[in-house]
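# Architecture at a glance
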Amino acid sequence: MTSGKSLQPTPYGNKRYNITKPIDFEVAMNYGGTLMAIAGADGELAEGEFQWYIDEQQMNFVESAEYIEALRQFDWKNANVEELLSGIKYDFPLNFRRSMLYQAIKMCRADGNYHDKEKASVAKAAEILGIEKTMAVSLESLAELEDSAERLRLSLFETDV
């Protein structure tokens with residue numbers, strides 16, 4: 001059962017993730033809740049981790065304030081990742097499983113610490129999502145490469161890194 005509410009993609013969301021149509025609000029809650037549970041596997045959902053996801057949603061969806069507020073109220077500590085994942089069905093041209101794992105990795109790394117418990121949670125999510133270990137390692141490497149490129153860009157502009 002859905003509420004009928006949906007999140008409308010921005011041009012950035014279309015370009016970055018090929019989001020071509022609205023996303024059902026409840027599906028988005030399952031997706032975001034899953035990411036929060038994965039990033040909180042070390043016992044804490046760090047502000048930097050949550051802020052990364054908020055920033056990502058504000059760029060990807062028009063008028064995302066209601067969604068972000070619902071995420072703030074979400075009980076990620078007691079979330080069942082397998083149950084949440086069963087409620088996620090996307091039908092736009094994107095491998096959402098890989099995208100989700102990529103975003104989970106980015107979110108876990110956003111506070112500057114990719115803890116062993118977070119890595120284990122990412123590995124478990126990859127297993128549930130049916131993503132091979134080599135692909136999960138590739139997604140982790142991509143996230144690390146992007147972070148390095150961002151530090152390089154900032155250092156070239158002579159800013160604090």
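Scroll up for the structure.
So, here is what we can say about the structure in this document. Computed from a predicted structure; not experimentally measured.

As a further point, take the packing of helix α3 (residues 47-60) against helix α6 (residues 96-109). Packed helix pairs are characterised by how far apart their axes lie and by the angle those axes make with each other. Relative orientation of the contacting elements α3 and α6 amounts to 130 degrees, with a least axis distance of 7 Å. For the element pair α3 / α6, the angle class is oblique. In this structure, α3 meets α6 at a crossing whose hand is right-handed. Across the interface between the two elements, E49, F50, W52, Y53, E56 and N60 from α3 touch Q103, K106, M107 and C108 from α6. Each residue belonging to the contact of α3 with α6 can be placed in one class, and the counts come to five nonpolar, two polar and three charged.

A few words now on the pairing of strand β1 (residues 6-9). With two bridges joining them, β1 and strand β2 (residues 23-24) adopt antiparallel strand pairing. Pairing of L7 across the sheet is with I23, part of β2. Across two bridges, β1 lies against strand β3 (residues 61-62) in antiparallel orientation. Across the sheet, the residue bridging to P9 is F61, located in β3.

Take the environment of L84 next. Residue placement: L84 occurs in helix α5 (residues 81-86). L84 gets classed as buried once you look at its relative accessible area, which sits at 11%. Separated by 37 residues in the primary sequence, L84 and E47 have C-alpha atoms spaced 22 Å apart. Dropping the residues within four chain positions of it, L84 is found in contact with N30, G33, T34, F74 and A79.

The next subject is the side chain of S99. Among the secondary structure elements, S99 is positioned in helix α6. Look at S99 and you get buried, because its relative accessible area is 8%. Each residue touching S99, except ones within four places of it in the same chain, is listed here: Y17, Y31 and L94.

Membership of the largest hydrophobic core comes to 44 residues, with the highest contact counts inside it found for Y53, Y67, L101 and M107. Looking at this core, the elements that each hand over two or more residues are α2 (25-39), α3, α4 (65-73), α5, α6, α7 (116-129) and α8 (133-156). It is α2 that provides the largest number of residues to this core, a total of ten residues. When residues no more than four places from it in sequence are discounted, the contact partners of M107 are L35, M36, A39, L45, E49, F50, W52 and Y53.

Quick notes on the rules
- Residues numbered from 1 in each chain as written.
- Predicted model: local features only at pLDDT ≥ 70, side-chain atom pairs only at ≥ 80, totals over all residues.
- Heavy atoms only, no water.
- Axes fitted to C-alpha atoms, helices over the stretch in contact; angles between N-to-C directions.
- Helix = DSSP H or I, 4+ residues; strand = E, 2+ residues; numbered from the N terminus.
- Parallel < 35°, antiparallel > 145°, perpendicular 65-115°, else oblique.
- Left-handed = near helix turned anticlockwise from the far one by under 90°.
- Contact = heavy atoms within 4.5 Å.
- Nonpolar A, V, L, I, M, F, W, Y, C, P; charged D, E, K, R; others polar.
- Pairing = 2+ DSSP bridges.
- Buried < 20%, exposed > 50% of the residue type's maximum accessible area, 1.4 Å probe, protein only.
- Core = buried A, V, L, I, M, F, W, Y, C linked by side-chain atoms within 4.5 Å.

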